[in-house]
Amino acid sequence: MPHPLPLPPEDRALSPHTGWTRAHWEAAADRLLAAVRPYAGPADALINLPGTRPSWSGRRSDGLEGYARTFLLAAIRVAGADGDDPTGLLERYAAGLDAGTRTPTAERDLADGDLTSWGAVTDRGQPMVEAASVAIGLRLTRRWLWDRLDPAVQERAGAWLAQALHRQPVDNNWWLFPFTVGGFLAEVGIDTGAANAAIDRGLERIDRWYLGDGWYTDGRPRAIDHYNGWALHLYPALHAHLAADPALTARYGGRLHAYLADYSRLFDRTGAPVHQGRSLSYRFASAAPLWAGALLGTTPLAPGTTRRLASGALRYFLDRGAVDEHGLLTLGWHGPYPPIVQPYSGPASPYWASGGFLGLLLPPDHPVWTDPETPSPAETADAVTPLPAPGWLVQSTAADGLVRLHNHGSDDQPADGPVADNPLYSRLAHSTRTGPNTAAGDNHFALLLDGEPTERGPITPRGAGRAGAAAWAASSHRPRHAGAELPGVTVTSLTVVHGADEVRVHRVHGAAPGTAVREGGWAVTGSAPATAVAGAHARVTGDDGLHTELRALHGWSAATAVPAPGGTAFGPPPPSPTCTAPSPGP
Amino acid sequence: MLATAARLTASPHPLPPLADLAVALTAHEVAITWPDATTSRLALPSAP
């Protein structure tokens, strides 16, 4: 699908996999920045992108988000060009910084007629998030922007940023926002005591969440998702790089190195990252940790593989409707897709993807730009990779370049009591070409009580490993119904994979004899899917030849293909293969 | 005990039929014969 960002011709000699080079990244950045320009408010302080609804933080915060997240992109673009700024990007963002910080306000909307003031940074308020992007932007462009500001503006902007050092973040990756603000303010000598304390606090906090082998949980006991890459690794790595701190580089670069060895397996040959977890509208922010490894010199990936993966992700989304007819990033995966949009997201939220442009900080003669692209792990050979720390099992096949992520360890459930399942976490499996369909119960094992499926709730990982050419991962959970655990009932689940195939085994303890159970297979999408059901075997072929099968092996009485109304982030409604059976009992 | 075989693929090459996949389950072990005739044998996790 052609996209509305005019880009240079492909270079298949340098980039045989994607055709894209540094020139494409520069052009994409320029086009994205030009597209938001018409939506800048007075004095360029707020950038108010159009949208059907504001975020839960209100329109003023959304406008600040528009400023901050695109400033990050502008800063990377200008810093990566060693200050060359032919369109005057930094001049406009400097003006916005001046105007926005004059009279910080608690007013959430813009109805009071004040169209320039930024929101004050408050406990757990969205401006704290945006302060981090502003701080990185200022740190990256210090020579060309901050150092040239009037001292009064420096003082005012510094005071606005410093609020973040003294406010309470949400207890997850948000601790890295004061950390990031602290990194800049310590460098420029503002509130240095609090700035350094915020750095120490941020690192101490994420150290608590380190699971080992390069993986973090994002605050909650088992919230493992893309925030690993685009936050928990990115911010410490960027700080270590900008501070030129050897100890931090060794510690956090070492973790990033381990992470990238696994993470690089989660990209499809199409360029798609795995579709799992929250904030998926950030799309090619998934490239940020790849570049961070190269920036820090702590990556297991060849330079040509780093670019192949990063350019693949950028191109995947731009080719599939991520940008609308006005050149604006939309809230969704390919194009707009409201079911994956969190209430905290506003029209400018997708510009978190700016971090994906981090590679532009590497000079044009760096091997990540000059080496020919080399294949990604998923297109090199069939692979099954157990990841015990997150409780995952990664399965990829070279013939189609498809990546499947079998989930026995991430649930995003809070420590203080379960909440309703989020299908972007609770599924038994996720992939680079499918998304969950809530109604179909795809990739979900459930007991059926009064016809209603149970939820998975908190997941207890039970290990992951290899078994010859196969690999496995296991978990247990206590099924939930109507907001409560079923007393005395436990399900232990095992996934074993080999090649393109998987076996799923479930043992149900404690359920009443005869309790019905159901398991869904993968939900593919398609406007005219081909469905075949025969006995214990259901098959559906959707768009692009994507094919899903589910076959009852033991204990099931029937297989079928059920409607999946609403479709998924990947396309229109398909039927989804499903097995059903009365349980064999406790 | 319940077991299914699943497959998600866009392979341009025909794969051995999923119908050729077989499992043998006991209370403590699963033995799998994959469609390409390779085999796997794993202990089942005990109940927590």
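Residues numbered from 1 in each chain as written. Chains lettered and ligands numbered in written order. Predicted model: local features only at pLDDT ≥ 70, side-chain atom pairs only at ≥ 80, totals over all residues. Heavy atoms only, no water.

### Some thoughts on the packing of helix 1 (residues 22–36) of chain A against helix 2 (residues 59–80) of chain A
Residues and elements named next belong to chain A. Rule in force here: In this analysis, axes come from line fits to C-alpha atoms, helices being fitted only over the stretch in contact, and the angle between any two N-to-C directions falls in the range 0 to 180 degrees. Under the DSSP-based scheme used, a helix requires at least four consecutive residues in state H or I and a strand at least two consecutive residues in state E, with every element numbered from the N terminus. Here is the rule for angles: anything less than 35 degrees is roughly parallel, anything more than 145 is roughly antiparallel, 65 through 115 is roughly perpendicular, and the remaining ranges are oblique. Handedness of a crossing follows from how the near helix is turned relative to the far one, being left-handed for an anticlockwise turn of less than a right angle and right-handed for a clockwise one. The contact criterion used throughout is that any non-hydrogen atoms of two residues lie within 4.5 Å. Three classes are used: nonpolar for Ala, Val, Leu, Ile, Met, Phe, Trp, Tyr, Cys and Pro, charged for Asp, Glu, Lys and Arg, and polar for all others, with Gly counted as polar.
Running from N to C, helix 1 and helix 2 point in directions that differ by 140°, and their axes come no closer than 10 Å. Between helix 1 and helix 2, the interaxial angle falls into the category oblique. In this structure, helix 1 crosses over helix 2, and the sense of that crossing is left-handed. Here Arg 22, Glu 26, Ala 29, Asp 30, Leu 32, Leu 33 and Val 36 of helix 1 come into contact with helix 2, specifically with Thr 70, Leu 73, Ala 74, Arg 77 and Gly 80. In the contact of helix 1 with helix 2, the residues fall into 6 nonpolar, 2 polar and 4 charged.

### Re the sheet that holds strand 3 (residues 29–33) of chain B
Think of a sheet as strands paired side by side through backbone hydrogen bonds, with each pair either parallel or antiparallel. All names here are of chain B. How we decide: Strands qualify as paired when DSSP identifies two bridges or more between them.
The 3 strands lie next to each other as 2-3-4, forming an open sheet whose pairing is antiparallel. Each of the sheet's edge strands pairs with one partner strand only, and the pair in question is strand 2 (22–25) and strand 4 (39–43). In this sheet, neighbouring strand axes are inclined to one another by 15° on average, regardless of whether the strands run parallel or antiparallel. Bridge count between strand 3 and strand 4: 5 bridges; the pairing is antiparallel. Considered in strand 4, the bridge of Ile 32 is made with Ser 40.

### Quick word on the side chain of Arg 518 of chain A
All names here are of chain A. To be explicit about the condition: A simple rule labels every residue: compare its accessible area, found with a 1.4 Å probe on the protein chains alone, to the largest value its type can have, and call it buried under 20%, exposed over 50%, or partly exposed in between. In this tally, Asp and Glu contribute negative charge and Lys and Arg positive charge; neither His nor the terminal groups of the chain are included. Salt bridge, as applied in this entry: a Lys or Arg side-chain nitrogen positioned within 4 Å of an Asp or Glu carboxyl oxygen.
You can see Arg 518 is positioned in strand 15 (residues 516–520). With no salt bridge to any partner, buried Arg 518 finds its closest opposite charge in Asp 442, at an N-O distance of 8.0 Å. Here Arg 518 is in contact with Ala 440, Gly 441, His 444, Phe 445, Ala 446, Leu 448, Pro 453, Trp 556, Thr 578, Cys 579 and Thr 580, once residues within four sequence places are set aside.

### Some words on the nonpolar core
Just so we agree on the cut-off: Working definition of a nonpolar core: buried Ala, Val, Leu, Ile, Met, Phe, Trp, Tyr and Cys residues. They are joined through side-chain atoms within 4.5 Å. Start and end positions for the domains come from either an automated domain assignment or a database one.
By size, the foremost hydrophobic cluster in this structure holds 141 residues, and its most contacted members are Leu 161, Phe 284 and Phe 357 of chain A. It is helix 2 of chain A that provides the largest number of residues to this core, a total of 11 residues. Taken domain by domain, the makeup of this core includes at least three residues from each of domain 1 (25–379) and domain 2 (383–582) of chain A. When near neighbours in sequence (up to four residues on either side) are disregarded, Phe 284 of chain A contacts Leu 32, Ala 313, Leu 314, Phe 317, Leu 318, Leu 329, Ala 353, Gly 356 and Phe 357 of chain A. In this structure, Leu 486 and Val 489 of chain A together with Leu 2 and Ala 6 of chain B belong to the second largest nonpolar core, which totals 18 residues.

### A word on the interface of chain B and chain A
Applied cut-off: Put simply, buried area is how much 1.4 Å-probe accessible surface two parts lose in total, over both of them, once they are put together. The term polar contact refers here to a pair of N or O atoms within 3.5 Å; inside protein, the definition further demands a hydrogen-donor-capable atom paired with an acceptor-capable atom, and it admits residues adjacent in sequence only when both atoms are side-chain atoms.
Listed per partner, the contact involves 33 residues of chain B and 51 residues of chain A. Note on chain B versus chain A: buried area summed over both sides is about 3600 Å², and carbon and sulfur give 63% of it. Ranking the residues of chain B by area buried against chain A places Leu 2, Thr 4 and Leu 8 of chain B at the top, with a combined share of 26%. Taken together, chain B and chain A are joined by 2 salt bridges. Between Asp 501 of chain A and Arg 7 of chain B there is a salt bridge, with the nearest N and O atoms lying 2.5 Å from each other. Our enumeration of links across chain B and chain A arrives at 22 residue pairs in polar contact (both at pLDDT 80 or more). Elements that contribute at least two residues to the side of chain B that touches chain A include exactly strand 1 (2–9), strand 2, strand 3 and strand 4 of chain B. With 8 residues, strand 1 of chain B is the largest single contributor of residues to the side of chain B that touches chain A.

Scope: geometric values only; no functional claims are made or implied.
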